[in-house]
Amino acid sequence: MSSETTPHKPRVAVVFGGRSSEHAISVLTAGAVLRAIDRDKYDVLPIGITTDGRWALTADDPERMTIADRRLPSVAELAESTEGGVVLPVDPTNREVVYSEPGSVPKALGEVDVVFPVLHGPYGEDGTLQGLLELSGVPYVGSGVLASAVGQDKDYMKRVFASFGLPVGPYEVIRPREWENDPAAARRKIVDFAGEHGWPLFVKPARAGSSMGITKVDDLAGLDEAVEEARRHDPKILVESLLSGREIECGVLEFEDGPRASVPAEIPPVTAHDFYDFEAKYIDSADGIVPAPLTAEQTAKVQELAVAAFDAASCEGLVRADFFLQDNGEFVINEINTLPGFTPISMYPRMWQESGVSYPELIDRLLRAALERSTGLR
């Protein structure tokens, strides 16, 4: 531990990239976070995880962590070495980060006071990194192991929400063994679901985000291809019915007196795309409306539901909750995101900006809360 008599700025390790299909989105988020962190308050250590899982020392260069000519960035392009690796000791008495390269003496990079994980998807957002940090005794931004895992798996997320009385839309789950051992039976299960709830259906990976691997299926002809596309990202898939209505999002941020909800936002229909897919989100940058044009009663209701979802999943720090406002005036929760994007066009920081919390203030609040929160059972 650092000497108590020597004042120092907290050291923040911004960990990004990762092995999931959302690797590039994580790099975009990291660039925005690095740009926003107050360097007068914090020292920063950027650590990128490559797509094959190597922890790399990377340049502190947010300008290279952007989409250029529709080309997505990667950790491999930012790494200072093609072989060197960063090691975080799994020892709660030692927060010393070490960097080593083949044939060289390992180099100490100093202690880390807090980790800001901006990984999206499996191997980072799903409780795996959170578990490593718990073992290491290093504080970190965001939810713990359980909430992160629940927030990543849309199947169990919906089960948790339903058990707490939150409104959830119709869905069906196809587990890996079902499709691999008896695809005909799994297909009938989906067709029966469509018979009850109607076409079109959305077929998506159960444990992915950023609209990766999602296909809108209008009839049986496109079903197998949609399932295989979802299974490229996750062998467990989710099938959902079409919920007609408006897409509404709401941010939740933990304050000293508990979680509070931001003003909500609306994702308008994307005319150039069939739905709010990856291209619409990150390449063509569909604009959200902040604040959403809702009545006072609708705003209060969606804020209440967002905080309830935060509490139901035992979240900490931050969450973005996504809803459908149906034609009958009722809200249905679609999902939560325990590590929402912080890219310049991301809705979470935009909603809090409109709620009176600036981007740098948002980052600072999350880091201060993480530093004040212990690891372990809490």
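Residues numbered from 1 in each chain as written. Predicted model: local features only at pLDDT ≥ 70, side-chain atom pairs only at ≥ 80, totals over all residues. Heavy atoms only, no water.

1. Considerations on the overall build of the protein chain
- The helix and strand inventory of the protein chain stands at 12 helices and 16 strands.
- Taken over the C-alpha trace, the protein chain has a radius of gyration of 21 Å; the compact-globule value for 378 residues is 21 Å, and the two agree within 12%.
- Taking the principal axes of the C-alpha coordinates as reference, the protein chain spans close to 65 × 50 × 45 Å.
- Per-residue burial for the protein chain yields a buried fraction of 54% across its 378 residues.
- Within the protein chain, contacts between residues separated by at least 24 positions form 66% of all contacts whose residues are at least 6 apart in sequence.
- Put simply, the protein chain has 36 plus and 60 minus side-chain charges, and the middle of one group is 2 Å from the middle of the other. (Helix = DSSP H or I, 4+ residues; strand = E, 2+ residues; numbered from the N terminus. Rg over C-alpha atoms; globule rule 2.2 N^0.38 Å. Buried < 20%, exposed > 50% of the residue type's maximum accessible area, 1.4 Å probe, protein only. Contact = heavy atoms within 4.5 Å. Lys, Arg positive; Asp, Glu negative; His and termini not counted. Charge placed at Lys NZ, Arg CZ, Asp CG, Glu CD.)

2. A closer look at the nonpolar core
- In terms of nonpolar packing, the biggest core is built from 34 residues, with Val14, Phe16, Phe116, Phe342 and Ile363 touching the most fellow members.
- Secondary-structure elements contributing two or more residues to this core are β1 (11-17), α1 (23-36), α2 (75-78), β7 (114-117), β12 (245-255), α11 (347-354) and α12 (359-372).
- Membership of the second largest hydrophobic core comes to 26 residues, among which are Ala147, Met157, Ala306 and Cys315. (Core = buried A, V, L, I, M, F, W, Y, C linked by side-chain atoms within 4.5 Å.)

3. So, the sheet that holds strand β9 (residues 201-205)
- Here four strands make up an open sheet; going across it, the order is β8-β11-β9-β10 and the pairing antiparallel. The strands lining the two open edges of the sheet, one partner per strand, are β8 (171-174) and β10 (215-217). This sheet shows a mean twist of 25° between the axes of neighbouring strands, independent of strand direction.
- Here β9 pairs with strand β11 (residues 237-241) via five bridges, running antiparallel. (Pairing = 2+ DSSP bridges. Axes fitted to C-alpha atoms, helices over the stretch in contact; angles between N-to-C directions.)

4. Some details on the pairing of strand β6 (residues 107-111)
- Pairing between strand β5 (residues 96-100) and β6: four bridges, direction antiparallel. Each residue of the ladder has a partner; that of valine 97, found in β6, is glycine 110.
- Once β5 ends, the chain turns through six residues before running back antiparallel as β6, passing glycine 103 with a positive phi of about 80°.

5. Quick notes on helix α4 (residues 145-152)
- Among the residues of α4, Ala147, Ser148, Val150, Gly151 and Gln152 are the ones counted as buried.
- Looking at the buried side of α4, the elements it contacts are α3 (128-136), α5 (154-163) and β16 (331-337).

6. Here we look at the environment of valine 118
- Looking at the secondary structure, you find valine 118 in the loop between β7 and α3.
- Overall, the relative accessible area of 2% leaves valine 118 in the buried class.
- Between the C-alpha atom of valine 118 and that of valine 15, which follows or precedes it by 103 residues, the distance is 6.1 Å.

7. A word on the pattern of salt bridges
- Counted according to the given criterion, the structure contains 28 salt bridges.
- Residue arginine 320 is joined to glutamate 249 by a salt bridge in which the shortest nitrogen-to-oxygen separation is 3.6 Å. One end of the pair, arginine 320, is in strand β15 (residues 318-326); the other, glutamate 249, is in strand β12, and 71 residues separate them in sequence. Note on accessibility: arginine 320 and glutamate 249 belong to one class, buried.
- Salt bridges sharing partners connect three or more residues here, namely Asp153, Asp155, Arg159, Arg175 and Lys236. (Salt bridge = Lys/Arg side-chain N within 4 Å of Asp/Glu carboxyl O.)

8. Re the pairing of strand β2 (residues 43-49)
- With six of seven residues buried, β2 is to be regarded as a mostly interior element.
- Taken together, the seven bridges between β1 and β2 define a ladder with parallel strand orientation. Paired with phenylalanine 16 across the two strands is glycine 48, which belongs to β2.
- Bridge analysis of β2 against strand β3 (residues 55-57) gives three bridges, and the strand direction is antiparallel. By the bridge assignment, isoleucine 49 is partnered in β3 with tryptophan 55.

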